Amino acid sequence: MATTSWHERAAALAIDGRALINGQRLAARSGQTFDNRSPIDGRLLGQVARCDEQDVDAAVAAARAAFEDGRWANFAPAKRKRILIKFADLMQKNAAELALLETLDMGKPIKYSQSVDVAGAANCIRWYGEAIDKIYDEIAPAPVHSLALITREPVGVVGAIVPWNYPMLMASWKIAPALAAGNSVVLKPSEKSPLTALRLADLALEAGIPPGVFNVLPGYGNEAGSALALHMDVDCIAFTGSTRVGKQIMQMAGQSNLKRAWTELGGKSANIVCADCPDIDAAVSAAIGSIFFNQGESCNAPSRLFVEESIREQFVEKALAMVPDFTPGDPLDENTVMGAIVDDIQLRTVLGYIEQGKSGGARLLAGGERVRTESGGYFVAPTIFDRVDSSMAIAREEIFGPVLSVLSFTDLNDAIRQANATQYGLHAAVWTSDLSKAIKTSRALRAGTVHVNQYDNDDITVPFGGYKQSGNGRDKSLHAFDKYTELKTTWIQL
Ligand code: NAD
């Protein structure tokens, strides 16, 4: 679609910021709303319900009633499958609207809102729908006079709290397995990006998911979010967000009803390129493409690049040649690959780290500043620091912006040690032509996913999650069902 058409569609878009509770769009009980602004140009998109504890109580009560009367949980898995597939079909039918909402709300390029976010979220809903009538329970090898069944049951009411970087995708990674397994869900999207979650709930209803089964409450973390995490009638809280808040979620679970608490948290992923890398151009392209994708606002972005000293200069030169390809542009232009940072708070955070890099003595090779200021939006030029020391904040802390720190090494064991010297353990990568070296390095890297000679592979079929303070859960794949089901043993005397 032409850029003007996207702008015309955006101007004509009707935005409904009310919560969805028990199948109805409702204002917050307090009557409070908050401004929803677009990071593209700072424009006010509309008012969104500022839900708090009262709304959480209502949504959890609706979810509990729906779960207890079995209006969804007791459907045959094949029926839940049909409805989830219809839900995915409706997402695809409304793909342009969903993509536009995502781009306006959090600033990512419309090209990727369509090809990554809407397509990935619909695929996720479809995949778990397809999976649910193909999973069997177990019979234990019990003594002959008895029968022991090991069955999976839905946990009940699932509270899901998600961030703003991939709003629809992160929501789908939670709601798809939770709903497929028969649970009721109360979803709280980020206050920075509430719009697509609300539309998803409309589409779920239209697809035939009964009222009360899937509720969406927009609101602030310390109001709606904490009320959900502390609620005594929520059986499981599935959280994606920062490590700081993830720790609070675990405490709130312990402080309330010891609900199952699953956390998918931050990262500072290391990308190790050895001199015997099989394809330097591919390694450069992956290193640059992955750190600047989604404006660097990806939990698994390879923000620490370790290059073997003998190829460092060549590598950095090739990397710099790619930087102009990532010049930020109008997110509603389908040629744009780098959009806006989500809001002014995150913009200040990213610029603050860039200042620390400069003052700390790292060598700024590209970017390092705010751009497109005249648009009224929040754009940062793709930034590369070379000669970064691993003690610097830009090498240790998650920046969550388009900032790459280049470090070098002469001894692979030292690179692995530095790669592991972080509180995080989400993703890591190694590039080498030596198979044994690749496998030994991948075994030594403490991360939930290790890439060998690529960085981009991703699929709904594989688990996604971290070691250490990158969290304790796994989204995606059949393993995600572990989070949303209880294991029951039934002993039968024969
Ligand atoms: P955040 O922790 O600030 O917020 C995440 C969500 O938690 C939001 O909905 C927010 O409203 C809510 N929240 C905030 N305070 C809360 C509280 N006291 N109680 C309950 N809920 C609260 O994170 P963010 O800035 O939205 O997202 C960026 C972070 O998410 C990064 O650290 C990124 O690495 C991480 N992330 C991780 C993954 C993963 O799969 N591991 C995926 C995407 C993003």
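An account of the accompanying structure is given in this report. Every value quoted in this text rests on a predicted model; they were computed, and no experiment measured them.

Parameters and conventions
Residues numbered from 1 in each chain as written. Predicted model: local features only at pLDDT ≥ 70, side-chain atom pairs only at ≥ 80, totals over all residues. Heavy atoms only, no water. Helix = DSSP H or I, 4+ residues; strand = E, 2+ residues; numbered from the N terminus. Rg over C-alpha atoms; globule rule 2.2 N^0.38 Å. Buried < 20%, exposed > 50% of the residue type's maximum accessible area, 1.4 Å probe, protein only. Contact = heavy atoms within 4.5 Å. Pairing = 2+ DSSP bridges. Right-handed = clockwise from strand over helix to strand, strands pointing away. Salt bridge = Lys/Arg side-chain N within 4 Å of Asp/Glu carboxyl O. 1 Å grid on protein atoms, 1.4 Å probe; cavity = no way out; pocket = protein on both sides within 12 Å on 5 of 7 lines; lining within 4 Å. Points joined across faces, edges and corners; volume = space filled by probe spheres on them. Nonpolar A, V, L, I, M, F, W, Y, C, P; charged D, E, K, R; others polar. Near = heavy atom within 4 Å. Polar contact = N/O pair within 3.5 Å; in protein donor to acceptor, adjacent residues only side chain to side chain. Areas by Shrake-Rupley, 256 points an atom, 1.4 Å probe, with all protein chains shown as cover. Sits in = over half its atoms within 2 Å of the grid points. Disulfide = S-S within 2.5 Å. Core = buried A, V, L, I, M, F, W, Y, C linked by side-chain atoms within 4.5 Å.

**A short note on the overall build of the protein**
Then comes step 1: Per the secondary structure count, the protein includes 16 helices and 21 strands.
Then comes step 2: Scaling as 2.2 N^0.38, a compact globule of 494 residues should have a C-alpha radius of gyration of about 23 Å, and the protein matches this with 23 Å.
Then comes step 3: Relative to its 494 residues, the protein shows a buried fraction of 57%.
Then comes step 4: Intrachain contacts of the protein at a sequence separation of at least 6 include 75% that bridge at least 24 residues.

**Considering the sheet that holds strand 6 (residues 146-154)**
Then comes step 1: One open sheet accounts for 3 strands, arranged 5-6-21; its pairing is antiparallel. Unpaired on one side and paired on the other, strand 5 (138-139) and strand 21 (485-493) mark the two borders of the sheet.
Then comes step 2: Relative to strand 21, strand 6 runs antiparallel, the two sharing 9 bridges. Counterpart to Ile150 in the pairing with strand 21 is Thr489.

**Section: the pairing of strand 11 (residues 260-264)**
Then comes step 1: Relative to strand 11, strand 10 (residues 236-240) runs parallel, the two sharing 5 bridges. The residue of strand 11 that forms the bridge with Ile237 is Ala261.
Then comes step 2: Handedness of the strand 10-helix 9 (residues 243-255)-strand 11 crossover: right-handed.

**Things to note about unusual backbone geometry**
Then comes step 1: One non-glycine residue with positive phi stands out, namely Leu258, at about 55°.
Then comes step 2: Checked against the element boundaries, Leu258 lands in the loop between helix 9 and strand 11.
Then comes step 3: Residue classification places Leu258 among the exposed residues on the basis of a relative accessible area of 62%.

**What about the pattern of salt bridges?**
Then comes step 1: In the structure shown here, the tally under the stated rule is 35 salt bridges.
Then comes step 2: Taking the shortest distance from any N to any O, the salt bridge between Lys488 and Glu153 comes out at 3.2 Å. On the criterion of sequence distance, the pair formed by Lys488 in strand 21 and Glu153 in strand 6 is long-range, its members being 335 residues apart.
Then comes step 3: One continuous salt-bridge network, built from bridges that share partners, spans Asp16, Arg18, Arg25, Glu97, Arg199 and Asp202.

**Quick look at empty space enclosed by the protein**
Then comes step 1: In total, this model carries 5 cavities of 30 Å³ or more according to the counting rule given.
Then comes step 2: As a volume, the largest cavity reaches approximately 90 Å³.
Then comes step 3: When residues of the lining of the largest cavity are traced back to their parent elements, those giving at least two are helix 14 (412-420) and strand 19 (427-431).
Then comes step 4: Here the residues of the lining of the largest cavity are counted per class, giving 7 nonpolar, 5 polar and 4 charged.

**Structural notes on the site of the ligand**
Then comes step 1: Neighbouring the ligand are 29 residues; Val162, Glu191, Ser242, Leu265 and Glu398 lie closest to it.
Then comes step 2: In the environment of the ligand, an oxygen atom lies 2.9 Å from a nitrogen or oxygen atom belonging to the side chain of Lys188.
Then comes step 3: Contacts to the ligand include Ser226, whose backbone N or O atom sits 3.5 Å from a nitrogen atom.
Then comes step 4: Taken by itself the ligand offers 850 Å² of open surface, and the protein chains cover 90% of this.
Then comes step 5: Judged by the proximity of its atoms to the pocket grid, the ligand belongs to the largest pocket.
Then comes step 6: Of all the elements in the fold, those that place two or more residues in the shell around the ligand are helix 8 (221-230), strand 10 and helix 9.
Then comes step 7: Here the element with the most residues in the shell around the ligand is helix 9; it accounts for 4 residues.

**Topic: the state of the cysteines**
Then comes step 1: Across all of its chains, the model carries 0 disulfides by this definition.
Then comes step 2: Of all cysteine sulfurs in the structure, the one in Cys274 sits closest to Cys277, which takes part in no disulfide; the separation is 8.2 Å.

**Some remarks on the nonpolar core**
Then comes step 1: One finds Phe87, Met91, Ile175, Leu179, Leu187, Ile209 and Phe214 to be the most contacted residues of the largest nonpolar core, which totals 70 residues.
Then comes step 2: Here this core takes 10 residues from helix 6 (residues 167-180), the largest share from any one element.
Then comes step 3: Those residues in contact with Leu187 that sit more than four places away from it in its chain are Ala160, Val162, Ala171, Ile175, Ala197, Phe214, Asn215, Val216 and Leu217.

**Some thoughts on the side chain of Thr263**
Then comes step 1: Along the chain, Thr263 falls in strand 11.
Then comes step 2: Among the residues examined, Thr263 registers a relative accessible area of 3% and is labelled buried.
Then comes step 3: Non-local contacts of Thr263, meaning those with residues more than four positions away in its chain, are made with Phe239, Gly246, Met250, Ser470, Gly471, Asn472 and Gly473.

**Regarding the layout of surface pockets**
Then comes step 1: The volume enclosed by the largest pocket comes to roughly 1000 Å³.
Then comes step 2: For the largest pocket, the lining is made up of 36 residues, of which Trp164, Gly241, Ser242, Arg244 and Val245 are closest to its centre.
Then comes step 3: For the lining of the largest pocket, the secondary structure elements donating two or more residues are helix 8, strand 10, helix 9 and helix 12 (344-359).
Then comes step 4: At 6 residues, the largest contribution of residues to the lining of the largest pocket is made by helix 9.
Then comes step 5: Residue classes in the lining of the largest pocket are distributed as 16 nonpolar, 14 polar and 6 charged.
Then comes step 6: Estimated volume of the second largest pocket: approximately 790 Å³.
Then comes step 7: At the level of secondary structure, the elements contributing two or more residues to the lining of the second largest pocket comprise helix 5 (110-132), helix 6, helix 10 (280-292) and strand 20 (449-452).
Then comes step 8: Partitioned by chemical class, the residues of the lining of the second largest pocket number 20 nonpolar, 13 polar and 4 charged.

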